[in-house]
Structures are given as C-alpha cells and as structure tokens.
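# Observations on the three-dimensional arrangement
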Amino acid sequence: MSTGSIGHPALRLAVSPFATLLHRLMGRERTVPRMRVLVPVFVAVLCLAPSASAEPEAAKALGEKLADDDLDVAYEASKELLALGSEAKPALEHLVAALDRTLPDGIRRLHWHPWQGIMPDFHRNLVRVLGAIGPPAAAAVPKLTAELSAGSRHELKGLVAAVLAIAPDDPAVFDALCGVISRGHGLEDPAIWAPLHPW
C-alpha cells in the first residue's frame, strides 16, 4: 500500500502502525468473516481524510472571493481567511488588492445600507490576516503605512500590530508610527503599542 499521497501530518505519523495493523487484518480476513467489513472501513477512513496539499488552493479561492461584487460574499471570505491565519498566504495578492476596496458610490450616498456596517469589519479582517501572514506580506506595507500616515483612526490597533508583524525594521513603518504618535492618536490606549515592548 503506497503512502506517497498522504498529506495530513497526523496521518503521516500513523501510517506505519496503521500499515502493520492493516497487514495483520488482511491476513486474518479469510479466517475471520468480520474482517471483511473492517478492512474496507479502515481503508476508507485513510483515503477520505483531508490532505494538506488542497489547502493552498482553498485559500486562493477564498482570496478571489474578496473581489466578489456581493460584499456579503467577500466579507464571509475574509472571515474564513482570518480563521486560516498564516495559512492564508496563497491569497496574499488578493488580500493586498482588497485593501483598496470601497463601497459603490450609490450605496455610499444612501442614508443607510447594510454594507456600510460590513465594510469596516471587512477591512479589519484583511488587516488582521496580513498581520498573521507576517513578513511575506511585505507588499501590503505601503498601503498599511499610508493608512497610518493619513491619520485614519480606523482599526488603529490592528494597523499598528500588522505593520510591526510584517516589517518592524522598515523605515517607512517607523515614520508612519512616529506620525501617529505625534498626532496623539491612540496614546490613550497603551494596548495599541504593546507590540513595541521587548518584554
């Protein structure tokens, strides 16, 4: 029995004892009728287990949904990517592009629309996912620092945490953070600056 296609880490650890057990069961199949049922069950469990090799494609597919015309669909995708954390890296290109997403003019001019409440959370999720990805998300730094430099208070804590997780030694990040401090933004909340503490 080949184990080359087994991608799940837990399964890789169990392959050797499982193979031994399966070999013994198959050897007893002719003498113990019940084994004729149990052996296929064991094989099915092994073959149907999820493979880690499918995860990058799944993350990329979620990333593509971030540009969906229906913001509800895009928002749900952002939540699923947030749950993936650093494993959302295959969706990086789409995450960076989605930072520029805004509400359509027609909806923005309305007195109220559900998407007006969703958009801030959508953006917040993007920032948090990028921070979770860390240094590989360096392409997002110019956009994130621009938001900090523009004086936006939108999810200040998340922006600070993200840029520090992605590029703590980047001069642009240092300048943006100095600008935030000089404007007095977030000084009332020490938790925002917790990532700066070396302890």
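Now for a quick tour of the structure. (Residues numbered from 1 in each chain as written. Predicted model: local features only at pLDDT ≥ 70, side-chain atom pairs only at ≥ 80, totals over all residues. Heavy atoms only, no water.)

### Thoughts on the nonpolar core
Core analysis: the largest hydrophobic core is formed by 42 residues, its most contacted members being Leu95, Phe122, Leu130, Leu144 and Leu148. Only helix 4 (71-84), helix 5 (92-98), helix 7 (114-133), helix 8 (141-149), helix 9 (156-166) and helix 10 (171-182) provide two or more residues apiece to this core. It is helix 7 that contributes the most residues to this core, nine residues altogether. Once residues lying within four places of it in the same chain are set aside, the contact partners of leucine 95 are Leu66, Leu81, Ala88, Leu126, Val129, Leu130 and Ile133. (Core = buried A, V, L, I, M, F, W, Y, C linked by side-chain atoms within 4.5 Å. Buried < 20%, exposed > 50% of the residue type's maximum accessible area, 1.4 Å probe, protein only. Helix = DSSP H or I, 4+ residues; strand = E, 2+ residues; numbered from the N terminus. Contact = heavy atoms within 4.5 Å.)

### A closer look at the side chain of glutamate 147
With respect to the helices and strands, the residue glutamate 147 is situated in helix 8. It is lysine 143 that comes nearest to the buried, bridge-free glutamate 147 among opposite-charge side chains, at 8.6 Å. (Lys, Arg positive; Asp, Glu negative; His and termini not counted. Salt bridge = Lys/Arg side-chain N within 4 Å of Asp/Glu carboxyl O.)

### A short note on the packing of helix 7 against helix 9
One way to put it is that helix 7 packs onto helix 9 with a least axis distance of 8 Å and a crossing angle of 25°. The orientation of helix 7 with respect to helix 9, classified from their angle, is roughly parallel. Here helix 7 runs over helix 9; the crossing is left-handed. Only Gly158, Leu159, Ala162, Ala165 and Ile166 of helix 9 make contact with helix 7, whose side of the interface consists of Val127, Leu130 and Gly131. (Axes fitted to C-alpha atoms, helices over the stretch in contact; angles between N-to-C directions. Parallel < 35°, antiparallel > 145°, perpendicular 65-115°, else oblique. Left-handed = near helix turned anticlockwise from the far one by under 90°.)

### Some remarks on the pattern of salt bridges
If charged atoms from side chains of opposite charge come close, those side chains can pair. Applying the stated rule across the entire model yields three salt bridges. Between lysine 143 and aspartate 100 there is a salt bridge; the shortest N-O distance is 2.6 Å. In this pair, lysine 143 sits in helix 8 while aspartate 100 sits in the loop between helix 5 and helix 6 (105-108), placing the two residues 43 residues apart along the sequence. Take aspartate 100: its relative accessible area is 49%, and that puts it in the partly exposed class. One salt bridge connects aspartate 121 with arginine 124, and the closest N-O pair in it is separated by 2.3 Å. Of this pair, aspartate 121 and arginine 124 both sit in helix 7, separated by three residues, roughly a single helical turn. Using a relative accessible area of 30% as the deciding quantity, one classes aspartate 121 as partly exposed.

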